[in-house]
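Take a look at the letters that make up each chain.
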Amino acid sequence: MPQFDFHTHSYCSDGVLSPRELVARAAAHGVTHLALTDHDELAGLGEARRAAKELGITLVSGVEISTEYAGTSVHVVGLAIDPEEARLVARLDQVRAWRLARAEEIARGLAAAGIAGALDGARHYARNPELISRTHFARYLVDAGYCASKGEVFARYMKPGKPGYVPQRWLPLGEAVALIVGAGGIAVLAHPARYEFDAPTLEGLLDEFAAAGGEAIEVVCGGHAPEEWARFGAIARRRGLLASIGSDFHAPDEGRVDLGQLPGLPASLPSVMQRLLHHA
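Residues numbered from 1 in each chain as written. Predicted model: local features only at pLDDT ≥ 70, side-chain atom pairs only at ≥ 80, totals over all residues. Heavy atoms only, no water.

(A) Up close: the overall build of the chain. In terms of regular secondary structure, the chain is built from 10 helices and eight strands. Taking 280 residues into account, the globule formula puts the C-alpha radius of gyration at 19 Å, and the chain, at 18 Å, falls close to it. With respect to the three principal axes, the spread of C-alpha positions in the chain is 55 × 45 × 40 Å. For the chain, with 280 residues in total, the buried portion stands at 52%. The long-range fraction of contacts in the chain, counting pairs at least 24 apart against all pairs at least 6 apart in sequence, stands at 72%. Charged side chains in the chain number 27 positive and 34 negative. The centres of these two groups are separated by 1 Å. (Helix = DSSP H or I, 4+ residues; strand = E, 2+ residues; numbered from the N terminus. Rg over C-alpha atoms; globule rule 2.2 N^0.38 Å. Buried < 20%, exposed > 50% of the residue type's maximum accessible area, 1.4 Å probe, protein only. Contact = heavy atoms within 4.5 Å. Lys, Arg positive; Asp, Glu negative; His and termini not counted. Charge placed at Lys NZ, Arg CZ, Asp CG, Glu CD.)

(B) Quick peek at the environment of Phe197. Here Phe197 shows up in the loop between strand S6 (186-189) and helix H8 (199-211). Under the relative-accessibility criterion, Phe197 is labelled buried at 16%. When the C-alpha atoms of Phe197 and Pro167 are compared, they prove to be 19 Å apart, with 30 residues separating the residues in sequence. In this structure Phe197 touches Tyr69, Ala70, Thr72, Val74, Leu202 and Leu205, once residues within four positions along its chain are discounted.

(C) Looking closely at the packing of helix H1 (residues 19-28) against helix H2 (residues 45-55). It is the contact of H1 with H2, at a shortest axis distance of 8 Å, that shows an interaxial angle of 35 degrees. Crossing angle aside, the handedness with which H1 passes H2 is right-handed. In contact with Pro19, Arg20, Val23, Ala24 and Ala27 of H1, H2 contributes Glu47, Ala48, Arg50, Ala51, Ala52, Glu54 and Leu55. Residue composition of the contact of H1 with H2, grouped by class: eight nonpolar, no polar and four charged. (Axes fitted to C-alpha atoms, helices over the stretch in contact; angles between N-to-C directions. Left-handed = near helix turned anticlockwise from the far one by under 90°. Nonpolar A, V, L, I, M, F, W, Y, C, P; charged D, E, K, R; others polar.)

(D) Structural view of the packing of aromatic side chains. In this structure the tally under the stated criterion is three aromatic pairs. On the numbers, 5.7 Å between centres and 15 degrees between planes, the contact of Phe4 with Phe6 is stacked. For Phe6, a relative accessible area of 1% corresponds to the buried category. By the ring-pair criterion, three or more aromatic residues cluster together here, those being Tyr69, Tyr195 and Phe197. (Phe/Tyr/Trp six-rings, centres within 6.5 Å; stacked < 30°, edge-to-face > 60°.)

(E) The arrangement of unusual backbone geometry in detail. Positive phi, normally seen in glycine, also occurs at Ala80, with a value near 60 degrees. Mapped onto the elements, Ala80 comes out in the loop between strand S4 (72-79) and helix H3 (86-112). By relative accessible area, which is 22% here, Ala80 ends up partly exposed. Non-glycine residue Glu196 carries a positive phi angle of around 55 degrees. Tracing the chain through its elements places Glu196 in the loop between S6 and H8.

The structure is reproduced here in structure tokens:
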């Protein structure tokens, strides 16, 4: 029986496995169709594609683009993209430059709070020197004994008003969706429950997303509780959006679920898989 996972990360962004290791783990856990969707980065797709061919699973070329809506960071997954499309490549290069500048500011803030060497520490966890994220800082602070968990790191250091908080510059939501569509892909609103928007703001987000060409929404994902699967399944049905599924896998010991552990999408929902088959 086919098993889909359309939201995963390798160490080319903030995961811990190489693209090849990620594909191998997915195959071992029964995943038949996998998307590698690194944050603002396409570098792992070639290695993942080669591994998928060797292991007999279907790889979907993907990316997760960081955007901004209503003052909040909102993520959009692109599926079945052309990873060589020039404008997409150029804009992601720019976003990674913004990310690096923020990492340097985060390190300065942490140094002022008495945590020296945080940038070098984060770099140790970031296999891609162009993409140092808050997750890399969090892993360093936990392993160095400053905090007991990633959650504690974010609560003590990374929230607004805390010494390691630095607002990031992201692409506008509409531009990110347009980049995905322009690269031949399907735009998916990632983990919508995470944003904690009130109902009118969520409706506005969905309006703008769809108007820009967005076609799908994650319904079953690793960051959602089962009651949220039902809630966003109903929203997908009401809005005429395709339903997507993804673990948002980063590491074997992080997150709620491992690769291959999510249930399937409800059969009553039109699935993003149908559009992907149309793309093939």
